[in-house]
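# Close look at the chain arrangement
The chain contents come next:
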Amino acid sequence: MRRRRALWFWVFVGPFALGLALFTYVPLLWSVALSFFDARNTVTPTHFTGLDNYTAMLGDHAFLDSLRTFLVFTAFIVPVTYGCSLSLALMVNRVRRARAFFRSVFFLPAACSYVVAALVWKMSVFSGVRFGLANTVLGWFGADPVAWLASPDPPWYWLVIVTVRLWLQAGFYMILFLAGLQRIDPVLYEAAAVDGARPGLTVLLHITLPQLRATSVAVVLLLVVNAFQAFDEFYNLLSDARGYPPYARPPLVYLYYTALGQGQNLGLGSAGAVILALVVAVVTVGQARWLRLGRTDGDG
């Protein structure tokens, strides 16, 4: 009987485990190996360079600028998405009728492709011509059309990038907050009302947010990690027939042009990917420890 169970386990799990190993773990390990070689226009290098690729990446101002771009993007998108998704969850949670309808409506953008959403934002909503939706609204108030993505001064492109990411992600994190809100014991709100606590900001700060602490920590961690992985919206919004502009290059866009651009320096790109992965790991672990993820109130 145990053998039959083990056999059926591998029948169902084996193909997925094999695909995961072939298309995820093997490329990751091979990328780490490439980072120690001079791999130009080849994935089977022979010239070992040691840590030269890592030294070159850490001394590359363009790569360091891409990390600063990530910090700016994170400073925008994390608090804005957190606040909007929490607000949506609080509003939907208070709805007594058609709650499932509103939950589905707000969650629906999460199923949309980042590429499609970026192209819609670029060509319809924030088009640089006067026929774009944003410029049409500005025209109603007598304002001139704005080239949203064409110039870094002023940096209007941040508004476009943040809004498309917000539209795509807010519904997903709203679902997480809704799950957390539904786990809060209603007795806490009843006790607060008996003690004279006024509903609104006081209850939110002293009951709702403390009870949502675990959910909030998970949401913040996911938002930071997803910000590191930003690529589709940046690339599809800012690139054109002339290529990608020299500003607003997140790490993955920079590594894409390093590894697959004109030079195709796969060794240098792999070293940058390893450095980025280490930065993500350090930031995530540090943030988890700072936010005391996984600890109870009685832990030291």
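Everything in this summary refers to the structure shown in the same document. Here the structure is a predicted model, which is why all the values come from computation and not from measurement.

Parameters at a glance
Residues numbered from 1 in each chain as written. Predicted model: local features only at pLDDT ≥ 70, side-chain atom pairs only at ≥ 80, totals over all residues. Heavy atoms only, no water. Helix = DSSP H or I, 4+ residues; strand = E, 2+ residues; numbered from the N terminus. Contact = heavy atoms within 4.5 Å. Salt bridge = Lys/Arg side-chain N within 4 Å of Asp/Glu carboxyl O. Buried < 20%, exposed > 50% of the residue type's maximum accessible area, 1.4 Å probe, protein only. Axes fitted to C-alpha atoms, helices over the stretch in contact; angles between N-to-C directions. Parallel < 35°, antiparallel > 145°, perpendicular 65-115°, else oblique. Left-handed = near helix turned anticlockwise from the far one by under 90°. Nonpolar A, V, L, I, M, F, W, Y, C, P; charged D, E, K, R; others polar. Core = buried A, V, L, I, M, F, W, Y, C linked by side-chain atoms within 4.5 Å. Disulfide = S-S within 2.5 Å. Patch = residues over 30% accessible without salt bridge, like charges linked within 9 Å, V, L, I, M, F, W, Y side chains within 5 Å. Areas by Shrake-Rupley, 256 points an atom, 1.4 Å probe, with all protein chains shown as cover. Phe/Tyr/Trp six-rings, centres within 6.5 Å; stacked < 30°, edge-to-face > 60°.

Here Arg-130 shows up in the loop between α5 (114-125) and α6 (133-140). Placed 14 residues apart in sequence, Arg-130 and Asp-144 show a C-alpha to C-alpha distance of 8.3 Å. Those residues within four positions of Arg-130 in sequence are excluded, and the remaining contacts are Asn-135, Thr-136 and Pro-145.

We now examine the pattern of salt bridges. The tally for this structure, following the rule as stated, stands at three salt bridges. One salt bridge in this structure joins Arg-40 and Asp-38, with 3.3 Å as the shortest N-O distance. Exposure remark for Asp-38: the relative accessible area of 32% places this residue in the partly exposed category. In this structure, the salt-bridge partner of Asp-65 is Arg-68, at a minimum N-O distance of 2.1 Å. With a gap of three residues between them, Asp-65 and Arg-68 both fall in helix α3 (residues 61-94), about one helical turn apart. On the basis of relative accessibility, which here comes to 37%, the residue Asp-65 falls in the partly exposed class. Overall, the relative accessible area of 47% leaves Arg-68 in the partly exposed class.

Moving on, we come to the packing of α5 against helix α7 (residues 157-182). In helix packing, the relevant descriptors are the interaxial angle and the interaxial distance, both defined with respect to the helix axes. Contact geometry of α5 with α7 gives a least axis separation of 10 Å together with a crossing angle of 135°. As judged from the angle between their axes, α5 and α7 are oblique. Two packed elements cross with a definite hand, and for α5 against α7 that hand is right-handed. Where α5 approaches α7, its residues Tyr-114, Ala-117, Ala-118 and Trp-121 are matched on the opposing element by Val-160, Thr-163, Val-164, Arg-165, Trp-167, Leu-168 and Gln-169. In the contact of α5 with α7, the residues fall into eight nonpolar, two polar and one charged.

Here we take up the nonpolar core. Grouped burial of nonpolar side chains is what soluble globular proteins tend to show. With 59 residues, the main nonpolar core has Met-57, Phe-73, Tyr-157, Ile-161, Phe-234, Leu-237 and Leu-238 as its most contacted residues. Looking at this core, the elements with two or more residues in it are α2 (52-58), α3, α5, α7, α10 (213-228), α11 (232-238), α12 (251-260) and α13 (266-290). Among the elements that take part in this core, α7 stands out by supplying 14 residues, more than any other. Setting aside chain neighbours within four positions, we find Tyr-157 in contact with Trp-148, Leu-149, Ser-151, Pro-152, Leu-238, Tyr-247 and Ala-248.

Moving on, we get to the side chain of Ser-127. By the element assignment, Ser-127 lies in the loop between α5 and α6. Residue contacts for Ser-127: discarding those within four places in its chain leaves Trp-121, Lys-122, Gly-132, Asn-135, Val-146 and Trp-148.

Taken as a whole, this structure holds zero disulfides when the rule is applied. Cys-112 provides the cysteine sulfur closest to Cys-84, a residue in no disulfide bond, and the two sulfurs are 18 Å apart.

It is the contact of α3 with helix α4 (residues 99-107), at a shortest axis distance of 9 Å, that shows an interaxial angle of 160°. By the angle between their axes, α3 is roughly antiparallel relative to α4. For α3 against α4, the interelement crossing comes out right-handed. Where α3 approaches α4, its residues Leu-88, Val-92 and Asn-93 are matched on the opposing element by Arg-99, Phe-102, Arg-103 and Phe-106. Each residue belonging to the contact of α3 with α4 can be placed in one class, and the counts come to four nonpolar, one polar and two charged.

Together, Leu-7, Trp-8, Phe-9, Trp-10, Val-11, Phe-12 and Val-13 make up a nonpolar patch on the protein surface, roughly 760 Å² of accessible area in all. Looking at the element boundaries, Trp-10 is found in helix α1 (residues 2-34). Owing to a relative accessible area of 54%, Trp-10 belongs among the exposed residues under this scheme.

On to the side chain of Gln-169, then. Here Gln-169 shows up in helix α7. Excluding residues within four positions of it along the chain, Gln-169 makes contact with Thr-81, Tyr-114, Leu-223 and Asn-226.

Turning our eyes to something else, we now look at the packing of aromatic side chains. Taken as a whole, this structure holds 24 aromatic pairs when the rule is applied. In textbook terms, an aromatic cluster arises when at least three aromatic residues are bridged by ring pairs, as seen for Phe-73, Phe-76, Tyr-157, Trp-158, Phe-234 and Tyr-247.

As a further point, take unusual backbone geometry. Across the junction of Asp-153 and Pro-154, the peptide omega takes the value 0°, indicating a cis bond. Within the chain, Ala-98 stands out as a residue other than glycine whose phi angle is a positive 60°. Locating Ala-98 in the fold gives a position in the loop between α3 and α4. Taking relative accessible area as the criterion, Ala-98 reaches 44% and is therefore assigned partly exposed.

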